[in-house]
Structures are given as structure tokens and as C-alpha cells.
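Okay, here's what each chain looks like letter by letter:
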Amino acid sequence: MNASLDTAYWIGLAISVVLPVLVGLVTKHVTHPGVKATLLLALSTLNGFLVELANPGPDYDFGTAVILSLVAFAVGVLSHFGLWKPAGVSDKAQSALGGGTSVRSV
């Protein structure tokens, strides 16, 4: 049995690893973690469906797109807690675009 993945799947997997950094760039430190998780889930879903659309296979498979979305979300969560957060990249990403603590004007 020869198992191989098309280039679209490898690109989708690489994107899944950097999605938590993208979420960090567009959110603030004070953003509720549930909002961040929901945003990561939405981006992972988009990634999964676009990867299946870009796959050079004969037709579009909705079930495969759902599986790819779940895998992308799992890889995103694992890379956040296992790679980006311990290395400090998550905090730096949130601070990069003015994501510090919010200042309320009265």
C-alpha cells in the first residue's frame, strides 16, 4: 500500500500550524479565550474546505472537508499549546498590532 498526500493537503497542514499565530494577531490579550477558540475553529473550517476544494482529485467530497477541518483545528490547538505559547510567540503576536490591554475612555 502506497500512501501519499497531495500538495494541497501538506499546505493545509502547514497553514493549520500557523493559524493560532494569526488568531493572536487579530485579537487582544483581554479577548475571552472562548472567542479566540471560536475564531480558530472558524479559520480551521475555512482551511479544511478550501484544501478540499484545491485538491486535484476528481470531485469535491464534503465528508473529507469536514475531517480536514477537524484535523486543522486539532493541529492548531496542539501547536498553540505545544509550540507557540511556550515559545512566547502567542504573546508577541498579540502585542504586535496593538493587542495590549484595552484602555477604556470615560
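Residues numbered from 1 in each chain as written. Predicted model: local features only at pLDDT ≥ 70, side-chain atom pairs only at ≥ 80, totals over all residues. Heavy atoms only, no water.

> Explain the side chain of Glu-52 to me, please; I cannot follow it from the model alone.
Looking at the secondary structure, you find Glu-52 in helix H2 (residues 33-54). Within the buried core, Glu-52 has no salt-bridge partner, and the shortest N-O distance to an opposite charge, that of Lys-36, equals 31 Å. Not counting the four nearest positions on each side in its chain, Glu-52 is found in contact with Tyr-9, Asp-59, Tyr-60, Asp-61, Thr-64, Ala-65 and Leu-68. (Helix = DSSP H or I, 4+ residues; strand = E, 2+ residues; numbered from the N terminus. Buried < 20%, exposed > 50% of the residue type's maximum accessible area, 1.4 Å probe, protein only. Lys, Arg positive; Asp, Glu negative; His and termini not counted. Salt bridge = Lys/Arg side-chain N within 4 Å of Asp/Glu carboxyl O. Contact = heavy atoms within 4.5 Å.)

> I'm lost on the packing of helix H1 (residues 7-26) against helix H4 (residues 89-96) in this one. Help?
Working note: a packed helix pair is described by the angle between its axes plus the distance between those axes. Taken N-terminus to C-terminus, the directions of H1 and H4 make an angle of 35 degrees; their axes are 6 Å apart at the nearest point. By crossing handedness, the relation of H1 to H4 is classed as right-handed. In this structure, H1 contributes Val-21, Gly-24 and Leu-25 to the contact, and H4 contributes Val-89, Ala-93, Gln-94 and Ala-96. Counted by class, the contact of H1 with H4 contains five nonpolar, two polar and no charged residues. (Axes fitted to C-alpha atoms, helices over the stretch in contact; angles between N-to-C directions. Left-handed = near helix turned anticlockwise from the far one by under 90°. Nonpolar A, V, L, I, M, F, W, Y, C, P; charged D, E, K, R; others polar.)

> It is not clear to me how the layout of surface pockets should be interpreted in this structure. Could you clarify?
Where empty space is left can be seen by rolling a probe of water-molecule size over the atoms. The space that makes up the largest pocket amounts to roughly 430 Å³. For the largest pocket, the lining is made up of 19 residues, of which Val-23, Lys-36, His-80, Phe-81 and Ser-90 are closest to its centre. Those elements giving two or more residues to the lining of the largest pocket turn out to be H1, H2, helix H3 (62-87) and H4. Top contributing element to the lining of the largest pocket by residue count: H3, with five residues. For the lining of the largest pocket, a count of residues per class yields 10 nonpolar, six polar and three charged. (1 Å grid on protein atoms, 1.4 Å probe; cavity = no way out; pocket = protein on both sides within 12 Å on 5 of 7 lines; lining within 4 Å. Points joined across faces, edges and corners; volume = space filled by probe spheres on them.)

> Hey, could you run me through the environment of Leu-19 in this one?
Structurally, Leu-19 is set in helix H1. Look at Leu-19 and you get buried, because its relative accessible area is 5%. In contact with Leu-19, not counting residues within four places along its chain, are Leu-40, Leu-43, Ser-44 and Asn-47.

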